[in-house]
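# Survey of secondary and tertiary structure
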Amino acid sequence: MKQDIDDPRNSIFAIMWDCHGLEAVARVPNSADTTFALLKGEKPPELPNIEHWKLRARYNSQRHYEIYVITAQPGIDVEDIRSMFEASPQTAADTIRRIGQCYHSDRADKKQAVIV
């Protein structure tokens, strides 16, 4: 099923990163597209497996994973988000924290720093 990236219903993304950078970004399909695909007998668009991401984050806590869900402006796609992380990872993370909804965070706490 072809998705129109300019459709505001198709601008929800799940994003996961850790202390080493962006690890995953996936578009969250519109529930109406899933319903209509099933009614037509077609394969519905796949949802990102966020529970798998969370499990990975919990068992690799030393990497300080963060998982967020954001709603972007229409026209933004997965590659735009990847480019944003490549250009300025800290700014990208700060922006997503500000506009997104946190699903999981093991963000490193500055108070936990070991001073020698």
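All values reported here derive from a predicted model rather than from experimental measurement. (Residues numbered from 1 in each chain as written. Predicted model: local features only at pLDDT ≥ 70, side-chain atom pairs only at ≥ 80, totals over all residues. Heavy atoms only, no water.)

Turning our eyes to something else, we now look at the overall build of the protein chain. Within the protein chain, the secondary structure is distributed over four helices and four strands. Across the protein chain, helices and strands are ordered from the amino to the carboxyl terminus as β-β-α-α-β-α-α-β. Within the span of the protein chain, comprising 116 residues, buried residues form 31% of the whole. At a minimum sequence separation of 6, the contacts of the protein chain that also span at least 24 residues come to 66%. (Helix = DSSP H or I, 4+ residues; strand = E, 2+ residues; numbered from the N terminus. Buried < 20%, exposed > 50% of the residue type's maximum accessible area, 1.4 Å probe, protein only. Contact = heavy atoms within 4.5 Å.)

What follows covers the sheet that holds strand β4 (residues 101-105). Strand pairing in a sheet is mediated by backbone hydrogen bonds. Such pairs are either parallel or antiparallel. Across the sheet, which stays open at both edges, the four strands sit in the order β2-β1-β3-β4 with antiparallel pairing between neighbours. Each having just a single partner strand, β2 (21-27) and β4 make up the two edges of the open sheet. Between one strand axis and the next, the sheet turns through 20° on average, direction left out of account. Of the pairings in the sheet, the one linking strand β3 (residues 66-71) to β4 comprises four bridges and is antiparallel in character. Paired with tyrosine 68 across the bridge in β4 is cysteine 102. (Pairing = 2+ DSSP bridges. Axes fitted to C-alpha atoms, helices over the stretch in contact; angles between N-to-C directions.)

Quick look at helix α1 (residues 31-40) now. Each α-helix winds once per 3.6 residues, and so residues spaced three or four apart point in a common direction. You can read the cap of α1 off the contacts: a side-chain oxygen lies 2.8 Å from the backbone nitrogen of alanine 32, and it is on asparagine 30. Immediately downstream of α1, the backbone of glycine 41 shows phi near 80°, a positive value. (Polar contact = N/O pair within 3.5 Å; in protein donor to acceptor, adjacent residues only side chain to side chain.)

Right, let's talk about the environment of glutamate 86 for a bit. By the element assignment, glutamate 86 lies in helix α3 (residues 78-87). Sequence separation between glutamate 86 and glycine 21 is 65 residues, and the spatial gap between their C-alpha atoms is 8.5 Å.

Once that is clear, we can look at the pairing of β2. Note that strand β1 (residues 12-18) and β2 share six bridges and pair antiparallel. Across the sheet, residue isoleucine 15 finds its bridge partner in β2, namely valine 25. In textbook terms, the turn of a hairpin is the stretch between consecutive antiparallel strands, and for β1 and β2 this stretch comprises two residues.

Its identity is not glycine, yet histidine 64 carries a phi of approximately 55°, on the positive side. Mapped onto the fold, histidine 64 is located in the loop between α2 (50-59) and β3.

Take the nonpolar core next. Within soluble globular proteins, side chains that are nonpolar tend to cluster in buried spots. With twelve residues, the main nonpolar core is built from Phe13, Ile15, Trp17, Val25, Tyr68, Ile70, Ala72, Ile81, Phe85, Ala92, Ala93 and Ile96. Broken down by secondary-structure element, the contributors of at least two residues to this core are β1, β3, α3 and α4 (89-99). One finds Ile50, Trp53, Ala57 and Tyr65 within the second-largest nonpolar core, a separate group that totals ten residues. (Core = buried A, V, L, I, M, F, W, Y, C linked by side-chain atoms within 4.5 Å.)

The next subject is the layout of surface pockets. Of the voids in this model, the largest pocket is the one considered here, and its volume is about 290 Å³. Put simply, the parts of the chain that give the lining of the largest pocket at least two residues each are β1 and α4. In terms of residue count, α4 provides more of the lining of the largest pocket than any other element does, four residues in total. Broken down by class, the residue content of the lining of the largest pocket amounts to six nonpolar, four polar and five charged. (1 Å grid on protein atoms, 1.4 Å probe; cavity = no way out; pocket = protein on both sides within 12 Å on 5 of 7 lines; lining within 4 Å. Points joined across faces, edges and corners; volume = space filled by probe spheres on them. Nonpolar A, V, L, I, M, F, W, Y, C, P; charged D, E, K, R; others polar.)

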